[in-house]
Amino acid sequence: MKPIQVGLLGIGTVGSGTFEVLRRNQEEIRRRAGRGIQITMVADLDVARARAIVGEGVTVVGDAREVIANPEIDIVIELIGGYGIAKALVMEAIAAGKHVVTANKALLAVHGTEIFAAASQRGVMVAFEAAVAGGIPIIKALREGLTANRIQWIAGIINGTTNFILSEMRGKGLDFDVVLKEAQRLGYAEADPTFDIEGVDAAHKATIMSAIAFGIPVQFDKAHVEGITKLSAIDIRYAEQLGYRIKLLGIAKRRPRPNAAGDAAVGIELRVHPSLVPSKRLIANVEGAMNAVVVQGDAVGTTLYYGKGAGSEPTASAVIADLVDVTRLHTADPHHRVPHLAFQPDAMSDLPVLPMSEVVTSYYLRLRVADQAGVLAQVTGLLAGRGISIDAVLQREADEVGGEGATSTDLIILTHDTREGTMNEVLEQLQALPSVLAPIVRIRKEELN
Ligand SMILES: NC(=O)C1=CN([C@@H]2O[C@H](COP(=O)(O)OP(=O)(O)OC[C@H]3O[C@@H](n4cnc5c(N)ncnc54)[C@H](O)[C@@H]3O)[C@@H](O)[C@H]2O)C=CC1
Ligand SMILES: N[C@@H](CC=O)C(=O)O
Ligand code: NA
C-alpha cells in the first residue's frame, strides 16, 4: 500500500525530532502501522533551516496553508504552538478533511471543545499524546488502559522546566535565573517561559487530563494556577526537615460528596501549585526535566507513569505514536474510533470544576513571629477554633533565623485536611495578630496515598 502522506507545520525542537525519528525508525514503524508513513511536505517560516533539516525529496514551503491545500496529504502535524495561527491552521486542516496530530496543549486546553467538535463533525481525528507529559503515554493510559476505572485523582509533575529548576536549586544551590536559561537552552521551556514558571503550561496539561479522566469539557479558565516564582529557598529547606519535597503539581481530583454512598461527587478540583509531597513517595524523587503522573483508579489502585516530558525526541516519540494510531484508524469506521476525550461526546458529564475555596487539602504554613511566650498557643488556638487540626509543628530558634539576639522566630505548621475557604479565613485572622511579623507563607500539601 502507498505510504500515508503527512504534512508537518513547524519544524523546530519537536518537529525536527519527529522528522528524524520517523526517518530513523521508518521500517519498524511501517511494520507496526501496517503502512509506511512519510512526511512529504514541511512548512516553516524559516525555509532555509527547514530545508537543511529535511534534505532532498521533501517539499519545503514558508506558507503552512500550502500544506493544508495539498490533496495528497492525509495527516497534518501542527508543531508551531500557541493559540494564534496554530488554531486557524488546525481548524482549516480539519475543514479540509485532514487528520491532525498536535503537541499543542495550550491550544487544546483553551479551544479543545471547539476543535474536537469540528473534527467529529468532519469525521477526522485530532490526536495529542505529546501535549501532556511529552513522551509518557499518559493520554493513552487514561483513555484506553484505564478505561474500566472510575478515576479518583491524578497528580503529576507535568512541567519539565519547573521541575528542572526546583531540582537544580535544591541539589546544586543554583539561582533561579541561571537554571531557567539552561532549561531554555536545552529546549524544555515554552516560547514564552512565563508559561512554565507561572504554572500555566502545567495547568494546560492538567486541564486536558481532567477532561479525559472525568468526561468533562476542557475548562482551562476554571483551573487554579500558581507557579514557582514565589517559592523561597528557606521553605524548601524546612520542608526537607519535615520529610517533604516541594514539587509543582498539576492536580485533578473528584471531590466526593461527604458521607454520601456510591458515585456521588460534588465536582472536580483542578489546580496547579507548589505542593509538599512526602519525600518517601516515588514522585517526590522525580528530578530534573523528568515528568511523572500518579493516577488513582477505583479498580486498579495507584499507578505511576514516569519519563521525559519535554525535549526533541522524547516528544517526537509521542507525536509518532499518534501518527501510527491515526494511520491504523484512517480507514476504520469513524463510529468505532476512540473518542477524543475518552468519553463519547454525548455522554460527557456536567460535573462542575470547583472554586478553589471548596478544595480540601492539607497545608504547610510558615509564620515569622515575635519570639515571645504565648504566641504558639495563640496561633494553634485560632486554628483549633476553626476545626483545623495540626499534624506537626517545627520552631526554628531566633539564632537560626535572624542571627544572635534576633527577636523573631519561624513557626512552621503542618495541618491536616481542611477546606481552603476556611483556611483563607484563618490566615486573615493570623496575619492580623501583632505577633505575626511578616506575610504568612502557605503551601499546600498532598500525601498522595
Ligand atoms: N519543546 C518541548 O519539549 C515540547 C513542546 N511541546 C509543544 O510542541 C509545540 C512545538 O514546540 P517546539 O518545537 O518546542 O517549538 P519551536 O519554537 O522549537 O518550533 C516551532 C517552529 O514553528 C515555526 N513556525 C512559527 N510560526 C510558523 C508559521 N506561521 N508557519 C510555519 N511555521 C511556523 C518556527 O519557525 C519554529 O521552527 C508547542 O505547541 C509546544 O508547546 C510539547 C511538548 C514538549
Ligand atoms: N515547556 C514544557 C515542554 C513540554 O511540554 C515543559 O517544560 O514541560
Ligand atoms: Na504524553
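As the structure is a prediction and not an experimental result, all values here were calculated from the model.

**Student:** Could you give an account of the packing of helix 5 (residues 85-95) against helix 6 (residues 105-122), with specific residues and numbers?
**Tutor:** Between helix 5 and helix 6, whose axes approach to 9 Å, the crossing angle comes to 10 degrees. Classified by the angle between their axes, helix 5 and helix 6 sit roughly parallel to one another. The crossing of helix 5 and helix 6 is right-handed. Contacts between helix 5 and helix 6 involve Ala86, Lys87, Val90, Met91, Ile94 and Ala95 from the first element and Leu107, His111, Glu114, Ile115, Ala118, Ala119 and Arg122 from the second.

**Student:** So what's going on with the site of ligand 2? Residues and values would help.
**Tutor:** Around ligand 2 lies a shell formed by Lys105, Asn159, Gly160, Thr161, Tyr188, Ala189, Glu190, Asp196, Asp201, Lys205, Gly309 and Ala310. Within the side chain of Asn159, one N or O atom sits 3.4 Å away from an oxygen atom of ligand 2. Contact distances for ligand 2 include 2.6 Å between a nitrogen atom and a backbone N or O atom of Tyr188. In the complex, 93% of the free accessible area of ligand 2, which totals 250 Å², lies under the protein chains. Of all the elements in the fold, those that place two or more residues in the shell around ligand 2 are helix 8 (160-172) and helix 11 (200-214). Here the residues of the shell around ligand 2 sort into 3 nonpolar, 4 polar and 5 charged.

**Student:** Describe the site of ligand 1, and please don't skip the residues or the numbers.
**Tutor:** Of all residues adjacent to ligand 1, which total 22 residues, the nearest are Val14, Asp44, Arg49, Glu190 and Gly311. One of the backbone N or O atoms of Gly12 is found 3.4 Å from an oxygen atom in ligand 1. Between Glu190 and ligand 1, the recorded distance is 2.8 Å, taken from a side-chain N or O atom to an oxygen atom. Summarising the interface, the protein chains cover 82% of the accessible area of ligand 1, which totals 830 Å² for the free molecule. Looking at the shell around ligand 1, its residues break down into 10 nonpolar, 8 polar and 4 charged.

**Student:** Please provide a residue-by-residue account of the UniProt feature "active site" (unreviewed entry) in the chain, values included.
**Tutor:** When the UniProt feature table is mapped to this numbering, "active site" (unreviewed entry) covers Lys205. Along the chain, Lys205 turns up in helix 11. The residues touching Lys205, leaving out its near neighbours within four places in the chain, are Lys105, Ala131, Val132, Ala133, Ile158 and Asn159. There is a polar contact of 2.7 Å between the side chain of Lys205 and the backbone oxygen of Ile158.

**Student:** Just give me the short version of the domain arrangement of the chain, but keep the residues and values in it.
**Tutor:** If you check the domain split of the chain, you get domain 1 (4-134 + 312-345), domain 2 (140-308) and domain 3 (357-445). The C-alpha-based centres of domain 1 and domain 3 are spaced at 50 Å.

**Student:** Break down helix 1 (residues 13-24) for me, with residues and values.
**Tutor:** Taking 1.5 Å as the rise per residue, helix 1 with 12 residues should run 16 Å; its terminal C-alpha atoms sit 17 Å apart, in good agreement. Taken together, the buried positions of helix 1 are occupied by Val14, Gly15, Gly17, Thr18, Phe19, Val21 and Leu22. Among the structural elements, strand 1 (4-9), helix 2 (26-33), strand 2 (37-43), helix 3 (47-54), strand 4 (75-78) and helix 13 (312-329) are those in contact with the buried residues of helix 1.

**Student:** Any chance you could break down unusual backbone geometry for me, citing the residues and the numbers?
**Tutor:** Positive phi, normally seen in glycine, also occurs at Ala133, with a value near 55 degrees. You can see Ala133 is positioned in the loop between strand 6 (126-127) and helix 7 (138-145). The class for Ala133 is buried, based on a relative accessible area of 0%.

**Student:** Requested: an account of the side chain of Arg143, with residues and values cited.
**Tutor:** Relative to the assigned elements, Arg143 resides in helix 7. Among all residues touching Arg143, those that are not within four sequence positions of it are Phe128, Ile212, Val338, Pro339, His340 and Ala342.

**Student:** Can you tell me about the UniProt feature "binding site: NADP(+)" (unreviewed entry) in the chain, naming the residues and giving the values?
**Tutor:** As annotated in UniProt, the feature "binding site: NADP(+)" (unreviewed entry) corresponds to Leu9, Gly10, Ile11, Gly12, Thr13, Val14, Gly15 and Ser16 in the numbering used here. Relative to the elements of secondary structure, Leu9 occurs in strand 1. Among the residues examined, Leu9 registers a relative accessible area of 1% and is labelled buried. Ignoring anything within four residues of it in the chain, the contact list for Leu9 reads Ala43, Ala64, Val67, Ile68, Val76, Ile77, Glu78, Leu79, Ile80 and Leu89. Inspection of the secondary structure assignment puts Gly10 in the loop between strand 1 and helix 1. When its relative accessible area of 7% is taken as the criterion, Gly10 is described as buried. Gly10 has contacts with Gly15, Ala43, Asp44, Leu79 and Ile80, leaving out every residue within four places of it along the chain.

**Student:** Go over the pairing of strand 13 (residues 360-370), please, and point to the residues and values.
**Tutor:** When you tally the buried positions in strand 13, you get 9 out of 11 residues, the bulk of the element. When strand 13 meets strand 16 (residues 418-419), the two strands line up antiparallel, connected through 2 bridges. The residue bridging Val360 from the neighbouring strand is Arg419, located in strand 16. In the sheet, strand 13 pairs with strand 17 (residues 441-445) via 5 bridges, with the strands oriented antiparallel. Paired with Tyr363 across the bridge in strand 17 is Arg444. Both strand 13 and strand 15 (residues 408-415) contribute to a ladder of 7 bridges, which runs antiparallel. Bridge pairing links Arg368 to Asp410 in strand 15.

About the cut-offs
- Residues numbered from 1 in each chain as written.
- Chains lettered and ligands numbered in written order.
- Predicted model: local features only at pLDDT ≥ 70, side-chain atom pairs only at ≥ 80, totals over all residues.
- Heavy atoms only, no water.
- Axes fitted to C-alpha atoms, helices over the stretch in contact; angles between N-to-C directions.
- Helix = DSSP H or I, 4+ residues; strand = E, 2+ residues; numbered from the N terminus.
- Parallel < 35°, antiparallel > 145°, perpendicular 65-115°, else oblique.
- Left-handed = near helix turned anticlockwise from the far one by under 90°.
- Contact = heavy atoms within 4.5 Å.
- Near = heavy atom within 4 Å.
- Polar contact = N/O pair within 3.5 Å; in protein donor to acceptor, adjacent residues only side chain to side chain.
- Areas by Shrake-Rupley, 256 points an atom, 1.4 Å probe, with all protein chains shown as cover.
- Nonpolar A, V, L, I, M, F, W, Y, C, P; charged D, E, K, R; others polar.
- UniProt positions renumbered as here; feature names shortened; annotations may be inferred.
- Domains from an automatic or database assignment.
- Expected span 1.5 Å × (residues − 1).
- Buried < 20%, exposed > 50% of the residue type's maximum accessible area, 1.4 Å probe, protein only.
- Pairing = 2+ DSSP bridges.

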